[in-house]
Structures are given as C-alpha cells and as structure tokens.
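Spelled out from the first residue to the last, the chains are:
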Amino acid sequence: MSTENLPQSPEQPPRKPRVAVVFGGRSSEHGISVVTAGAVLKAIDRTKYDVLPIGITQDGRWALTADEPERMAIVDRRPPSVDALAESAEGGVILPVDPANREVVYSEPGSVPKALGEVDVVFPVLHGPYGEDGTLQGLLELSGVPYVGSGVLASAVGQDKEYMKRVFTSFGLKVGPYVVIRPREWERDEAAARKKIVDFAGEHGWPLFVKPSRAGSSIGITKVDDLSGLDEAIAEAQRHDPKILIEAALRGREIECGVLEFEDGPRASVPAEIPSPEAHAYYDFEAKYIDSTPGIVPAPLTPEETAEVQRLAVDAFEAASCEGLVRADFFLTEDGEFVINEINTMPGFTPISMYPKMWQESGVSYPELIDRLVRAALRRSTGLR
C-alpha cells in the first residue's frame, strides 16, 4: 500500500535534502578531487543534509564509496584514489536519466539492483575533463537534478584556457600574451607549429609556460627557459591534452580572489597572494598540494587594489556566465595593472586550498560555505535559466 497520500505525523520532521558528493573522475586531477571530497564530507552539516558519496574511478566506473573522509588524504606524497575507497570492485551507481525520477540505483553483477534513495542535489567536486568541463553538468541537466556550480557553457569555458581568454577579452578584461597549438596543427605540420611557438618567444621573450589547454591543478605545465627545453615541455603538455597553450611570463605578484553566489548575487572574498615558492620554479602541483606552499590571506594590497581585484573577479564570474562559485587568478604587474590569468569553476576544497581560506577570512566558515553552495543549487532550476 502506498503511503504517499497518508497524513504525516506532526512530530515527524521533514526529510533532509540529500546531497550526492561526486568525486574522483577520469582526469589527471583524480587524486586532488578525492582530497577535495574528503574535506567537503567532513565539513558538510549532517544535521541539515543527508550525504551520499559517489566516486568515479579513473576508468569511468561510478562506485559507491565509504563515507570516511579521513581516508581521503594525501599520504606519503601520494594522492588517494576512488578504487581504494570503493565498496566493490565491480558494483556501479546509476543516476536517473528521467527528470521525473531522482532515485539512484546501485547494482552488482549477479545481484538484484538496490535503490539508494532520491538525490536532491549533486555536489560535483570533480576537477579537469570529464567532470568540471560541462560533461557531467550536461548529464545532470538531462536528468533534471540540481547541482552545485556553473552550468554547461560556463564549465566548458572555464576548463578551456583558450576560450576562457577569448571570452574575457571580449568583455574588456585584460589577459596576457598567449598562443595556441591545436591538435590538427601539430598533426598537419609539426615543424610549422613549433616555429609558431619559437616566433612567439622571439616576440615576447623567454621564459614561456607551456600548458595543457584543458587541465588544472598545474598538472602538465612546464616553465621553459630556452629553446632546449621546448620539445620536452610540449610532449608533457600533450600527454594531458592534445591542445596546448603557450603563455608569456608576466612579471608581478600572483593574486587570487574567490567569488560566491549569495541570494542577492555574486560577491568577492578578500584576496590572497601566492608567494613564489622557494623550492619550486613556480607554483606547480607539488608546491600546491604536496609541499603545501602557504598563501597570504588577506593579500597585502592597498584598499584601492583590493577593491579593484574584487570588482574584476566578479566581472570575470559574470563574463563567463558562472554560477555558484569561482576562484579568479590574477597577476598584479609591476606597473600596477591586474591581468587575469584564469578562473576555476570548481576550485579545490582541500584543507590547504585558497578558496575556502579566503572565504573564512571574509567571515564565511567552511561549513557555511558548503551550506551556501548547496542552497544556491537548490534555488536554481535545471534547463535554460
């Protein structure tokens, strides 16, 4: 007998919203995503929300994982993985594709599928391709399930450094000099593609930064001081993405600023400064996550500089049609001008990540930050908006 239309006891509390924290994924940022998920699982208010952790393995399997944040940490300089957290080596989680049904199902070979209950909102703490780039967001739009963060377009723009820069330029935001090598250029005429980079270096000087166009966490990036290191840097970037981006080095201070969606619109946090790490050539993956180079929060800026970078961070958020949250990264050049480097539509939430630190310094605690992001997602509908 259905209980759907039966009167509820006045003592029975309303059902808490159910949050599926989805993490891991197929990108090279898999391990950092797991660390981020551990921090989110630890901070989310369990009195307000029921939580369902779902990990995506590096081969793309959606796995039911243990709700054990303490196991989602970097140990002995090695990031964690979903495979180590999965409750089964074969079982899979299936999201609904019918907007009228939000029930998640878990199945294992030879067993009857098990209903895990409805999901009200997804918190996709995935970094990089196959998660942060609009692909997962498109799946959730088709499923009619609300989710934390930006939609398909903004997520795709925020992942592809070339088109991000093109969007910013069209909205009047200043970006640094760059050149892009697409896969077809490289395949058609490798020598001409390499000459394009050498000519760029001749115009803007060394060093150059060679990057995968659609990766994050400083993975696959090489600082190239002269021509002798170029081929190795290109190969490293192409290992992560067939499209690569080459940027001229900008002299100045690295400044970051967080943007968070409030009920009345996006607001900027106090900014942070990333000092040059002593043991690294630049702020690379190991400096960020392994050696935990500390940022300075708040950044030692003048009131006028602080107001300007906050304005530009919100402008970048709006230019890319972002939702929920963004971390905007800038260079403050020697002539006092802010140049935007990139935005991150799902920044790290690890214990040493700058985004939650900037908001904590702005008066928004980690649990409140998570709560605001989930509530913002629940306020929005899926589809065109």
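Bear in mind the structure is a predicted one, so any value in this text is a computation, not a measurement.

Examining the side chain of Lys 161
Tracing the backbone through its elements, the reader meets Lys 161 in helix 5 (residues 161–170). No salt bridge is formed by the buried Lys 161; the nearest opposite charge belongs to Glu 342, separated by 4.0 Å. At 2.3 Å, the side chain of Lys 161 forms a polar contact with the backbone oxygen of Ala 215. Contact partners of Lys 161, with chain neighbours within four places excluded, come to Lys 211, Pro 212, Ser 213, Ala 215, Leu 245 and Glu 342.

Quick notes on the sheet that holds strand 7 (residues 121–124)
A sheet is described by the order of its strands in space; here four strands give the open sequence 3-2-1-7, paired in mixed fashion. Lying at the two open borders of the sheet, with one neighbouring strand each, are strand 3 (62–64) and strand 7. Averaged over all pairs of adjacent strands, the angle between their axes in this sheet comes to 30°, without regard to strand direction. The pairing of strand 2 (residues 50–56) with strand 3 spans three bridges and is antiparallel. The residue bridging Gly 55 from the neighbouring strand is Ala 63, located in strand 3. Those strands touched by helix 1 (residues 30–43) are strand 1 (18–24), strand 2 and strand 7, and its axis lies near 155° from that of strand 1. Sheet strands in contact with helix 12 (residues 366–379) are strand 1 and strand 7, and its direction is about 130° off that of strand 7.

With respect to the confidence of the model for the chain
Here the chain shows a mean pLDDT of 90. Residues at 70 or above account for 92%. This stretch, residues 1–9, has a pLDDT under 50; its non-local contacts, to residues over four places away or in other chains, come to two contacts.

Things to note about the pairing of strand 13 (residues 265–268)
As paired strands, strand 12 (residues 252–262) and strand 13 are joined by four bridges and run antiparallel to one another. What sits directly across from Phe 262, in strand 13, is Gly 265. As consecutive antiparallel partners, strand 12 and strand 13 are separated by two residues.

Section: the pattern of salt bridges
On inspection of all chains with the given rule, the structure shows 32 salt bridges. Glu 185 serves as the salt-bridge partner of Lys 196, at 2.9 Å between the closest nitrogen and oxygen. Residue Lys 196 is located in helix 7 (residues 190–204), and its partner Glu 185 is located in helix 6 (residues 183–188); the two are separated by eleven residues in the primary sequence. Residue Glu 323 is joined to Arg 380 by a salt bridge in which the shortest nitrogen-to-oxygen separation is 3.4 Å. With Glu 323 in the loop between helix 10 (303–319) and strand 15 (325–333) and Arg 380 in the segment after helix 12, this pair connects stretches of sequence that are 57 residues apart. In this pair, the class of Glu 323 matches that of Arg 380, namely buried.

Considering helix 11 (residues 354–361)
Within helix 11, the full set of buried residues consists of Met 354, Tyr 355, Pro 356, Met 358 and Trp 359. Gly 363, located one to two residues past helix 11, shows a positive phi value of around 100°.

Section: the pairing of strand 5 (residues 103–107)
By the alternation rule, side chains of strand 5 split into Val 104 and Tyr 106, which are all buried, and Glu 103, Val 105 and Ser 107, of which none is buried. Sheet topology note: the strand 4 (residues 92–94)/strand 5 ladder contains three bridges and is antiparallel. Its bridge partner lying in strand 5, Val 93 is registered against Tyr 106. Note that strand 5 and strand 6 (residues 114–118) share four bridges and pair antiparallel.

A look at the sheet that holds strand 8 (residues 178–181)
The strands that make up a sheet are held in pairs by hydrogen bonds between backbone atoms, and each pair lies either parallel or antiparallel. With antiparallel pairing, the four strands of this open sheet are ordered in space as 8-11-9-10. With one partner strand each, in any of the chains shown, strand 8 and strand 10 (222–224) form the two edges of the open sheet. In this sheet, adjacent strand axes meet at a mean angle of 25° when their direction is disregarded. Where helix 7 meets the sheet, its contacts fall on strand 8, strand 9 (208–212) and strand 11 (244–248), and the angle it forms with strand 8 comes to roughly 175°. Relative to strand 9, helix 8 (residues 230–238) is tilted by about 25°, and along the sheet it contacts strand 9, strand 10 and strand 11.

Describing the state of the cysteines
In this structure the tally under the stated criterion is zero disulfides. The thiol of Cys 322 is not disulfide-bonded; the next cysteine sulfur, from Cys 257, is found 13 Å away.

A few points about the packing of aromatic side chains
Going through the model one piece at a time under the given rule, you end up with five aromatic pairs. For the ring pair Phe 330 and Phe 338, a centre distance of 6.2 Å and an interplane angle of 80° mean the geometry is edge-to-face. Accessibility classification places Phe 330 together with Phe 338 in one group, the buried group. Within the aromatic cluster, the residues linked to one another by ring pairs are Phe 123, Phe 349, Tyr 355 and Tyr 366. In this structure, Arg 267 is placed above the aromatic ring of Phe 262, and the distance from its NZ or CZ to the ring centre is 4.0 Å.

Calculation rules
Residues numbered from 1 in each chain as written. Predicted model: local features only at pLDDT ≥ 70, side-chain atom pairs only at ≥ 80, totals over all residues. Heavy atoms only, no water. Helix = DSSP H or I, 4+ residues; strand = E, 2+ residues; numbered from the N terminus. Buried < 20%, exposed > 50% of the residue type's maximum accessible area, 1.4 Å probe, protein only. Lys, Arg positive; Asp, Glu negative; His and termini not counted. Salt bridge = Lys/Arg side-chain N within 4 Å of Asp/Glu carboxyl O. Polar contact = N/O pair within 3.5 Å; in protein donor to acceptor, adjacent residues only side chain to side chain. Contact = heavy atoms within 4.5 Å. Pairing = 2+ DSSP bridges. Axes fitted to C-alpha atoms, helices over the stretch in contact; angles between N-to-C directions. pLDDT = per-residue confidence, 0-100. Disulfide = S-S within 2.5 Å. Phe/Tyr/Trp six-rings, centres within 6.5 Å; stacked < 30°, edge-to-face > 60°. Lys NZ or Arg CZ within 6 Å of the ring centre and 35° of its normal.

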